[in-house]
Amino acid sequence: MSQTSAVWTENILDLAGNKVQLIRGGSGDPMLVLHDELGPPGWLNFHEQLSKDFELYLPSHAGYGKSKRLDWIMNMRDLAGWYLEVLDDLDPGPMTLMGFSMGGWLAAEMAVMCPDKFKNLILVSPTGIRPPTGEIYDIFLVVAQQVLSDSFWDASSVPEFKLICPDEPSPELTEFWEVAREESCRLSWRPYMHNLSLPNLLHRLKMLKTLILWGREDAIVPLSAGDAYQQSIAGSHLHIIEQCGHRPEVEKTQEFVEVVSQFVKNNSLDHLG
């Protein structure tokens, strides 16, 4: 089973003992992109722009999208361990690892398990650490549309917002969101959206070039969690995007792509400010 476009392909592959949905596109150094708690968003504008410089791997986590659920995966660390075998089977070589929100937490768990497997780590508004100040938004108290709306500082100025969050979602999209939320609840409920042991392991990343990206007005994961990540990963860089919420890749696509591209291509982080 596959789908194609001018720049990407979608296939269902046998990886790590499971059927895994994988979108792959672009050319250049490989980059693994891990989606958030609401499921794989498809191919968006920021993917399109990044694909000019990188070969993107966009898998759907086990239990999300078209990837089969694995009952033995009971928490985020289980999922991280399974993903490392997915990479063993794909064998893309050393690559950049990037994750969004819960996918950022997942990326951090993968990296602390096997830091030598990755060239760069990019965490975008990740959950995974309990914020020193404020609380992580409870995505299970409201409908998915409200979660998405609250993820943006100014949704009305974002051309892709109606694409990812239509006014009248189809029954298929509503079911897609609910399945993703159910799996996210199963993996991250107690404690909610964080792992108390993770900050004590992040020091393993001291030799891995790490960028942490955050929207100044993030209403989903407080910026204090970004500070905690930066303090826990020696040598990491925290880049804050102004007038931006939890989804900088969609709300501030141009700045996001420029920062990510420059980070990966340059050995120094000084140019990021």
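This text follows the structure it describes.
Computed from a prediction, not measured in an experiment: that's the story for all the values here.

Visitor: Could you give an account of the overall build of the protein, naming the residues involved and the relevant values?
Guide: When helices and strands are tallied, the protein shows 10 helices and 9 strands. Against the globule reference of 19 Å for 273 residues, the protein gives a C-alpha radius of gyration of 17 Å, in line with a compact fold. Seen through its C-alpha atoms, the protein measures out along the principal axes to roughly 45 × 40 × 40 Å. Split into buried and exposed, the 273 residues of the protein put 56% on the buried side. For the protein, restricting intrachain contacts to residue pairs at least 6 apart in sequence, the fraction spanning at least 24 positions comes to 75%. Carbon and sulfur atoms provide 49% of the accessible area of the protein, an area that totals close to 11,800 Å².

Visitor: Could you give an account of the pairing of strand S2 (residues 8-15), naming the residues involved and the relevant values?
Guide: Where S2 lies against strand S3 (residues 18-26), 8 bridges are found, and the strand directions are antiparallel. Within S3, the position partnered with Trp-8 by the bridge is Gly-25. Adjacent in sequence and paired antiparallel, S2 and S3 are bridged by 2 residues, among which Ala-16 carries a positive phi angle near 50°.

Visitor: Please give an account of unusual backbone geometry that cites residues and values.
Guide: Following Arg-190, the chain continues into Pro-191 via a peptide bond in cis, with omega recorded as -10°. The backbone of Ser-125 sits at a positive phi, close to 45°, despite the residue not being glycine. On the basis of relative accessibility, which here comes to 0%, the residue Ser-125 falls in the buried class.

Visitor: Tell me about the packing of aromatic side chains, residues and numbers included.
Guide: For the coordinates displayed, the defined rule picks out 9 aromatic pairs. Aromatic side chains Trp-8 and Trp-43 sit 6.1 Å apart centroid to centroid with 20° between the ring planes, which places their arrangement in the stacked category. Pair noted here: Trp-8 is in strand S2 and Trp-43 is in the loop between strand S4 (29-34) and helix H1 (45-50), with a separation of 35 residues, a long-range link. Summarising the burial analysis for this pair, Trp-8 and Trp-43 share the class buried. Here the aromatic residues Phe-46, Phe-100 and Phe-256 are joined through ring pairs into a cluster of three or more. Over the face of the ring belonging to Phe-263 we find Lys-209, whose NZ or CZ atom lies 4.7 Å from the ring centre.

Visitor: Just give me the short version of helix H10 (residues 253-265), but keep the residues and values in it.
Guide: Along an α-helix, residues three or four positions apart point the same way, because every turn accommodates 3.6 residues. Helix length check: H10, at 13 residues, gives a terminal C-alpha distance of 18 Å against a target of 18 Å (1.5 Å per residue), a fit within 8%. What H10 keeps buried is the set Thr-253, Phe-256, Val-257, Val-259, Val-260, Ser-261, Phe-263 and Val-264.

Visitor: A description of helix H8 (residues 223-232) should follow, citing residues and the corresponding values.
Guide: In terms of residue burial, H8 counts as a mostly covered element, since 7 of its 10 residues are buried. Buried within H8 are the following residues: Leu-223, Ser-224, Ala-225, Gly-226, Ala-228, Tyr-229 and Ser-232. Residues of H8 that are buried in the fold lie against helix H3 (102-113), strand S7 (118-124), helix H7 (198-201), strand S8 (209-215) and strand S9 (237-241).

Parameters at a glance
Residues numbered from 1 in each chain as written. Predicted model: local features only at pLDDT ≥ 70, side-chain atom pairs only at ≥ 80, totals over all residues. Heavy atoms only, no water. Helix = DSSP H or I, 4+ residues; strand = E, 2+ residues; numbered from the N terminus. Rg over C-alpha atoms; globule rule 2.2 N^0.38 Å. Buried < 20%, exposed > 50% of the residue type's maximum accessible area, 1.4 Å probe, protein only. Contact = heavy atoms within 4.5 Å. Areas by Shrake-Rupley, 256 points an atom, 1.4 Å probe, with all protein chains shown as cover. Pairing = 2+ DSSP bridges. Phe/Tyr/Trp six-rings, centres within 6.5 Å; stacked < 30°, edge-to-face > 60°. Lys NZ or Arg CZ within 6 Å of the ring centre and 35° of its normal. Expected span 1.5 Å × (residues − 1).

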